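# A closer look at the structure
Spelled out, the chains give:
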Amino acid sequence: MIAIVTLVGSCHRSGSESDNLQNNKSKYPEPVNIDLNKIKDRGSLVAIVDNSSTGYFIYKGRPMGYDYDLLKLFSDYLEVPLEIKFTPSIERAFEMLNNGEGDIIAYSLTVTKERKERVAFTSSHFTTRQMLVQKKPDNWYELTKDELEKSLIRNQVNLLGKQVHVRKHSSYINRLNSLAQEIGGDIIIVEEPDSVETEALIKKVADGTIEYTIADETVAIVNASYYPSIDVKTPISFPQKIAWAVRPNATKLLVEANAWLKKIKKEATFNVIYNKYFKSTRASTLRAKSDFSSFGGKSISQYDKYLKQVADSLGWDWRLLAAQMYRESKFDPNVKSWAGAIGLMQLVPETGRRFGAKDLYNPRQNILTAGNYLQYLDGLWFKTIKDDEERIKFVLASYNVGLGHVEDARNLANKYGADPTVWNDNVEKYLLLKSNRDYFTDPIVNSGYCRGDEPVNYVRDILLYYEQYKQLINS
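Reading the values: rules and limits
Residues numbered from 1 in each chain as written. Predicted model: local features only at pLDDT ≥ 70, side-chain atom pairs only at ≥ 80, totals over all residues. Heavy atoms only, no water. Helix = DSSP H or I, 4+ residues; strand = E, 2+ residues; numbered from the N terminus. Buried < 20%, exposed > 50% of the residue type's maximum accessible area, 1.4 Å probe, protein only. Contact = heavy atoms within 4.5 Å. Areas by Shrake-Rupley, 256 points an atom, 1.4 Å probe, with all protein chains shown as cover. Lys, Arg positive; Asp, Glu negative; His and termini not counted. Charge placed at Lys NZ, Arg CZ, Asp CG, Glu CD. Expected span 1.5 Å × (residues − 1). Polar contact = N/O pair within 3.5 Å; in protein donor to acceptor, adjacent residues only side chain to side chain. Salt bridge = Lys/Arg side-chain N within 4 Å of Asp/Glu carboxyl O. Axes fitted to C-alpha atoms, helices over the stretch in contact; angles between N-to-C directions. Parallel < 35°, antiparallel > 145°, perpendicular 65-115°, else oblique. Pairing = 2+ DSSP bridges. Phe/Tyr/Trp six-rings, centres within 6.5 Å; stacked < 30°, edge-to-face > 60°. Lys NZ or Arg CZ within 6 Å of the ring centre and 35° of its normal. pLDDT = per-residue confidence, 0-100.

This next bit is on the overall build of the protein chain. Along its length, the protein chain carries 20 helices and 14 strands. Projecting the C-alpha coordinates of the protein chain onto the three principal axes gives extents of approximately 85 × 50 × 45 Å. Among the 475 residues that make up the protein chain, the fraction classed as buried is 52%. Summarising the internal contacts of the protein chain: among those between residues at least 6 apart in sequence, 70% fall at separations of at least 24. Element-wise, carbon and sulfur atoms account for 47% of the exposed surface of the protein chain, whose accessible area totals about 22,200 Å². Taken as two groups, the 63 positive and 60 negative side-chain charges of the protein chain have centres that lie 3 Å from each other.

Right, dumping it as structure tokens:
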């Protein structure tokens, strides 16, 4: 895509700010009416995130990031599961929020007057400055400190006539506009597509592809730790508030978010999370450069080639199997459960022997044996569940709790007028009810009592991980 180049300065202004705000306000549709009660009825808090080395990413199968870790705590506080939707586009994030595709934008957004016309911001998480990202001279390590300082922009006035690349719709554009007015000259703003992450622009500066970009200080410092050739010490703004955003009419959600933020910021947990991603630069560098990071690599685990082999025979997406493996063992081949399940896919020895394993601690044997077992279950359920996506849920539940309990739940669903071929709100409902005496003693139930929340959560968790993997890891 071709970037938009805008020349801004003391004599360039397309209408007054108030006119622009009024025009923007009128062109945006009213947000849908979905507040906390409807979110709880739906059964999940849908968060809109960006893939970055600090906010949200996948590392060795595990969702991580400053925003993600806090979102998990917030969803626990609300007592609803967290669902993640990813978009790199800031504009698209606002659209998704206000049309109901998501409930909260967890982008670490800069609070601006213009954005307040479209969303309601939570209390601020922290404040940060916007910093100029520039490349040091090629021989920077040979220079004295004074020589290095003289080679870099330290006075913002020296940005006059320079090209600065920033994301479209970012708060950096407004700040550069204001800076140009303040210093009485022209800055050439190159607006990159807003699908281009700020960290991708930082990398371009490090590579020498572009000369300058802007980043929040928290993000800039982390990136400087793994691009030592860049400098991020020149501020172009005063400290600005960073916050999440909700729909303007989601007043109950906003009240709860602010109450939770007030509480969590008084606890050590908040500082631990903040320091983990913004202060521990060495750890951040290792994660960002890892082959198993959605930010820097293309793999989920070191066992991907076996997962792909099994997925081919099953007709499944290998990322779904990776999600199941993460849920089972967190990719630890040596783990053994209290019930005697062993290895990456947590197979009990009896099942392992039946489906071909001699050593369940051997990663390859464990995965291939699990594949044989999944294929067996898929073949059984194919007789009654023809829809591929629905059948996956029945297969996963059977893998976790056993075929008999899922069959019981189907029989109960059929008896009480639910659809025995649909998992959500139908068969899963009666699997949950199998912990109730009135249901597990029913004559049509053959396998007795079941703690149904375990397989129901198992299926839900795997599918949630899978959705995240699909958004960030190429197939």
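Moving on, we come to unusual backbone geometry. Unlike most non-glycine residues, S108 shows phi in positive territory, near 55°. Counting through the fold element by element, S108 comes out in strand β6 (residues 104–110). Residues other than glycine seldom take positive phi values, yet K330 does so here, at roughly 55°. With respect to the helices and strands, the residue K330 is situated in the loop between α13 (318–329) and α14 (349–354). Judged by relative accessible area, K330 falls into the partly exposed class, the value being 48%.

So, on to helix α15 (residues 363–382). Helix length check: α15 (20 residues) gives 28 Å between terminal C-alpha atoms against 28 Å at 1.5 Å per residue, within 8%. Taken as a whole, α15 has its buried residues at N366, I367, T369, A370, G371, Y373, L374, L377, D378 and W381. Residues of α15 that are buried make contact with α12 (304–314), α13, α14, α16 (388–401) and α17 (403–415). N-cap assignment for α15: the residue whose side-chain oxygen lies 3.0 Å from the backbone N of R364 is N362.

Before going further, it helps to spend a moment on the pattern of salt bridges. A complete count under the given rule lists 25 salt bridges for this structure. In this structure, the salt-bridge partner of R167 is D50, at a minimum N-O distance of 3.5 Å. Linking R167 in strand β10 (residues 163–167) with D50 in the loop between β2 (45–49) and β3 (57–59), this pair joins segments that are 117 residues apart in sequence. Of the two residues examined, R167 and D50, each falls in the buried class. The closest approach of N and O atoms between E267 and K263, which form a salt bridge, is 2.9 Å. Since its relative accessible area comes to 45%, K263 is described here as partly exposed.

With that settled, consider the packing of α16 against α17. For any two helices packed against each other, one specifies the crossing angle of their axes together with the interaxial distance. Contact geometry of α16 with α17 gives a least axis separation of 7 Å together with a crossing angle of 130°. The angle between the axes of α16 and α17 places the two elements in the oblique class. On α17, the residues that touch F394, A397, S398 and V401 of α16 are L403, H405, V406 and R410.

Here we come to the pairing of strand β9 (residues 130–135). Within β9, five of the six residues are buried, which leaves it mostly tucked inside the rest of the structure. Direction of pairing for β9 relative to strand β13 (residues 230–235): antiparallel, over a ladder of four bridges. If you follow M131 over to β13, its bridge partner there is P235.

Another aspect to go through is the packing of aromatic side chains. Within this structure, the stated rule accounts for 26 aromatic pairs. Aromatic pair F440 and Y449: ring centres 5.5 Å apart, planes at 90°, arrangement edge-to-face. Looking at F440, the relative accessible area reads 18%, which means it is buried. Relative accessible area serves as the criterion here: at 46%, Y449 is assigned to the partly exposed category. The ring of W140 has K136 sitting right over it, with the charged end atom 4.1 Å from the ring centre. Between R354 and the ring centre of Y376, over which it is positioned, the NZ or CZ distance is 4.9 Å.

Our next topic: the confidence of the model for the protein chain. Do not read the predicted coordinates in detail wherever pLDDT is low. Across the protein chain, the average pLDDT comes to 92, with 94% of residues at 70 or higher. Confidence drops under pLDDT 50 across residues 6–25; counting only partners more than four residues distant or on other chains, this segment forms 35 contacts.

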